[in-house]
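Coordinates in review
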Amino acid sequence: MSDVTLNAATANAEAAPRTAPVATTGAAAWLRANLFSSWINTAVTLALGYLVVRWTMGFIDWAFVNAIWTVPMNGNVPDTAACREIRGTGACWAVIEEKHRFILFGTYPYEEHWRPLLVCALFIGLYIVSAMRRFWNWVLVPIWIVTLTVIGVLMWGGVLGLSYVPQERWGGLPITLILSTFGLAFAFPLAILVALGRRSRLPAIKMLCVLYVELVRGVPLISLLFMASVMFPLFLPEGMNIDKLLRAQVAITLFAGAYLAEVVRAGLQTLPRGQYEAAEALGLSYWQKTGFIILPQALRLVIPPLVNTFIGFFKDTSLVLIIGIFDLLTAGKTAIVEPAWQGFGVEVYVFVGAIYLVFCFAMSKYSQDLERDLNQHRRR
Amino acid sequence: MSETIDHEARFASAMRTDTPPAIVLQDVNKWFGALHVLRDINLTVSTGERVVVCGPSGSGKSTMIRCINRLEQHQQGKIMVDGIELSDDLRSLDAIRREVGMVFQSFNLFPHLTILENCTLAPIWVRRMPKKEAEELAMEYLTRVRIPEQAKKYPGQLSGGQQQRVAIARALCMKPKIMLFDEPTSALDPEMIKEVLDTMVMLAETGMTMICVTHEMGFARQVADRVVFMDRGEIVESGEPEALFSDPKTDRLRLFLSQILRGH
């Protein structure tokens, strides 16, 4: 009997939900709890707040208020005297205005700049289409093949009335996008195969994969690039020459592949054995088991480190400057070699940095959304 | 000794009828490193027979049934399933796995697939069944295990008992001739054990050949044709459940039974 009355009492108590104490919610409470909870916290908050405000104001003054956006032309040479006067207090965005086409497209023939521009637009379009999950099926394969072919035709030319542009004259953003897109497109499948190979029961395959990963990972990317550009041609028979960009591309792909393989392997290892056993017990073949059960789960788990590697690798493509390939960063550096513009590196690097930031931030944001959507089954 | 005679008698009787025995284990031995986990296992299960395997933990029960669909490999002896000998030949292994369904202690549903997809994946890709037909079949089995309304959910959204019933349905969707159960209720909360056992009883009533590793003696009494008691990698005793439980011949089984009964 006592049980019954006890239950009745709790039921009544539950029937009227109470609101949470006001003092622990709301912006004011958050500020009090996190920023001003003691005199030392208050002091730190005020000091850091002061620095942040000062720095922001300084940046706004430099970048916008005191900035110079255009400079007069003195014949063929820009007159940068006004810019030099305000050095240190204001930005000279005129260098970007003047040089943005060089930074973006390098030494590509000026009157043909619409071609690399279209190539960049095609790459971005390709990224957007590939990011949409409704296209995640076989449709993507022809889309990629067609887009990459069009990109090749546009860059090289020599057909359809387009003038031929040798690879040595390519430069800027298209080079960065080519190196990273092709690099990732080949490195990722390679990484999956190597990661699976490292867990293979066949000793030869396992050895080969371990050797590849450890060898490539144990060497800096710069030395790989040097090898690709300087040493590799020595081994080729007389008269045979492989495009320098292609050699750098292969070096970058192999490098990224080794790192991605380890990320993928980490994902494979977190899957419980039971998943493998259940798939085997149902009679799925090795590739069915891997494709339907193991990889979909393993890759979802490693989205954050995968994208981390992607982003790092996108920026690593800028190292090709040491073998004389004209990527976005190299083009930026070269743009300020001209005497009139010497000393305006900050503006150029801010511009180039902003372009890298846009791509990296887009990748990061997309990965967060993907992670949330794909891991929906983990939520109840 | 009696066990050997029993085994031979069964073997002979199985041979006499037209249907070959569903499973034959002959002098099967297995080691994990230096540990001898299966010792001279002889077991014949005829078609439609329901066998319950029990024994203390570490006695090799799970290893034995996992050898039957080669999740573990035996090192000596011979295992025949549905007339096919288990060997390194991948084709015979595929053929056997198609005919043998398995239910695991920890369910092992695929968490990234819906309940329906869990059930249709193997029929579509292994049995090459059209998708629509596979889905109809899956819904039929999900209805039979009484959770058709959960078809669109993910495994993580279901209770343990429901997940295990899905795992049973998933195995049945391959229309296996033999079902193996590896402690199917050991990971379940007590209130969910019954719903899974009821499903298994229902399955037993359809005449399915079943080998079930379990400690559920009530279940053994209700459905088993034979109970096999294992200890330290050997089959110590086997026989009809009533006879075995009420009149154990060996001290090891007597000890085991007393421990089980104390536990309950």
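A quick note: this is a predicted structure, and the numbers were derived from the prediction, not measured.

1. Some details on the state of the cysteines
Note on terminology: a disulfide is the covalent bond linking the sulfur atoms of two cysteines. Residue and element names in this part refer to chain A. This model, assessed by the stated rule, comprises zero disulfides over all chains. Just so you know, C120 is unpaired, no disulfide at all, and the nearest cysteine sulfur is the one on C360, 15 Å from it. Since its relative accessible area comes to 6%, C120 is described here as buried.

2. Notes on the pairing of strand β1 (residues 23-32) of chain B
The pairing of β1 of chain B with strand β2 (residues 35-45) of chain B spans seven bridges and is classified as antiparallel. Bridging from a neighbouring strand, L25 of chain B pairs with L43 of chain B of β2 of chain B.

3. Topic: the packing of helix α8 (residues 173-198) of chain A against helix α13 (residues 286-301) of chain A
Residues and elements named next belong to chain A. For the pair α8 and α13, the least separation of the axes is 13 Å and the interaxial angle reads 110 degrees. Comparing their axes, α13 and α8 come out roughly perpendicular. Here F188, I192, L193 and L196 of α8 come into contact with α13, specifically with Y286, W287, T290, L295 and L299. Classifying every residue of the contact of α8 with α13 by side-chain character gives eight nonpolar, one polar and no charged.

4. Here we look at the side chain of Q249 of chain A
All names here are of chain A. Within the secondary structure layout, Q249 lies in helix α11 (residues 244-270). A relative accessible area of 8% means that Q249 is categorised as buried. Excluding its chain neighbours within four sequence positions, the residues that come into contact with Q249 are I178, L179, F182 and G183.

5. Describing the pattern of salt bridges
This model, assessed by the stated rule, comprises 30 salt bridges over all chains. Salt-bridge contacts for E135 of chain B lead to K131 of chain B; the nearest nitrogen and oxygen are separated by 3.9 Å. Taken as a pair, E135 of chain B and K131 of chain B lie in helix α5 (residues 131-144) at a separation of four residues, close to a single helical turn. Its relative accessible area of 27% is what places E135 of chain B among the partly exposed residues. For K131 of chain B, a relative accessible area of 56% translates into the label exposed. It is possible to trace a salt-bridge network through shared partners that takes in R198, E214, R217, E262 and R265 of chain A.

6. Regarding the packing of aromatic side chains
Residue and element names in this part refer to chain A. All told, the structure shown has 15 aromatic pairs over all chains when counted by the stated rule. Taken together, a centroid distance of 6.5 Å and an interplanar angle of 20 degrees make the contact between F182 and F186 stacked. Of the two residues, F182 and F186 both sit in helix α8, four residues apart, roughly one turn of that helix. F182 sits in the partly exposed class, given a relative accessible area of 22%. Judged by centre distance (5.6 Å) and plane angle (40 degrees), the rings of F314 and F359 are tilted. Taken as a pair, F314 in helix α14 (residues 303-316) and F359 in helix α16 (residues 345-374) lie far apart in primary sequence, 45 residues in all. Put simply, the rings of W55, F59, W62, W69 and W93 pair up and form one aromatic cluster. Residue placement shows K99 over the ring face of F102; its charged tip is 5.8 Å from the ring centre. In this structure, R133 packs its charged tip against the face of W136, placed 5.7 Å from the ring centre.

7. Some remarks on the sheet that holds strand β6 (residues 100-103) of chain B
Residues and elements named next belong to chain B. The six strands lie next to each other as β6-β7-β8-β3-β9-β10, forming an open sheet whose pairing is mixed. Two strands close off the open sheet at either side, each with one partner strand: β6 and β10 (234-239). The average undirected angle you get between the axes of adjacent strands in this sheet is 20 degrees. Inspection of the sheet shows β6 paired to strand β7 (residues 178-182) by four bridges, in the parallel sense. Within β7, the position partnered with V103 by the bridge is F181. Helix α7 (residues 190-205) rests against β3 (50-54), β7 and β8 (209-213) of the sheet, and its axis sits at about 150 degrees to β8.

8. With respect to the interface of chain B and chain A
On the chain A side, the residues contacting the 25 residues of chain B number 20 residues. Taken over both partners, the interface formed by chain B and chain A buries close to 2000 Å², and the fraction arising from carbon and sulfur atoms is 62%. Counting the surface chain B buries against chain A, the share from its top three residues, R97, F110 and H112 of chain B, is 28%. Across the chain B-chain A interface, the total number found is two salt bridges. In this structure, the salt-bridge partner of R66 of chain B is E277 of chain A, at a minimum N-O distance of 2.5 Å. At the boundary of chain B and chain A, one finds six residue pairs in polar contact (both at pLDDT 80 or more). Of all the secondary structure elements, the ones that give two or more residues to the side of chain B that touches chain A are β6 and α4 (115-125) of chain B.

9. Brief notes about the side chain of Q275 of chain A
With respect to the helices and strands, the residue Q275 of chain A is situated in helix α12 (residues 273-281). Not counting the four nearest positions on each side in its chain, Q275 of chain A is found in contact with I293 and Q297 of chain A together with N108, L109, F110 and P111 of chain B.

10. Overview of a nonpolar patch on the surface
Residue and element names in this part refer to chain A. On the surface, W39, I40, V44, L48, Y50 and L51 cluster together to form a nonpolar patch covering roughly 720 Å² of accessible area. With respect to the element layout, W39 can be found in helix α3 (residues 39-65). The exposed category is assigned to W39, whose relative accessible area is 72%.

11. Observations concerning the UniProt feature "transmembrane region" (unreviewed entry) in chain A
Residues and elements named next belong to chain A. Within this numbering scheme, the UniProt entry marks residues 39-57, 114-132, 139-165, 177-197, 209-236, 248-268 and 348-366 as carrying the feature "transmembrane region" (unreviewed entry). From the first C-alpha to the last, residues 177-197 spans 29 Å; its make-up is 100% helix and 0% strand. Annotated as residues 248-268, this span is 100% helix and 0% strand, and its ends, taken at the C-alpha atoms, are 30 Å apart.

12. So, the environment of G274 of chain A
Turning to its location among the elements, G274 of chain A is positioned in helix α12. Taking C-alpha positions, G274 of chain A is 31 Å from A256 of chain A, a pair spaced 18 residues apart along the chain.

Thresholds, definitions, all that
Residues numbered from 1 in each chain as written. Chains lettered and ligands numbered in written order. Predicted model: local features only at pLDDT ≥ 70, side-chain atom pairs only at ≥ 80, totals over all residues. Heavy atoms only, no water. Disulfide = S-S within 2.5 Å. Buried < 20%, exposed > 50% of the residue type's maximum accessible area, 1.4 Å probe, protein only. Pairing = 2+ DSSP bridges. Helix = DSSP H or I, 4+ residues; strand = E, 2+ residues; numbered from the N terminus. Axes fitted to C-alpha atoms, helices over the stretch in contact; angles between N-to-C directions. Parallel < 35°, antiparallel > 145°, perpendicular 65-115°, else oblique. Contact = heavy atoms within 4.5 Å. Nonpolar A, V, L, I, M, F, W, Y, C, P; charged D, E, K, R; others polar. Salt bridge = Lys/Arg side-chain N within 4 Å of Asp/Glu carboxyl O. Phe/Tyr/Trp six-rings, centres within 6.5 Å; stacked < 30°, edge-to-face > 60°. Lys NZ or Arg CZ within 6 Å of the ring centre and 35° of its normal. Buried area = accessible area lost by both parts, 1.4 Å probe. Polar contact = N/O pair within 3.5 Å; in protein donor to acceptor, adjacent residues only side chain to side chain. Patch = residues over 30% accessible without salt bridge, like charges linked within 9 Å, V, L, I, M, F, W, Y side chains within 5 Å. Areas by Shrake-Rupley, 256 points an atom, 1.4 Å probe, with all protein chains shown as cover. UniProt positions renumbered as here; feature names shortened; annotations may be inferred.

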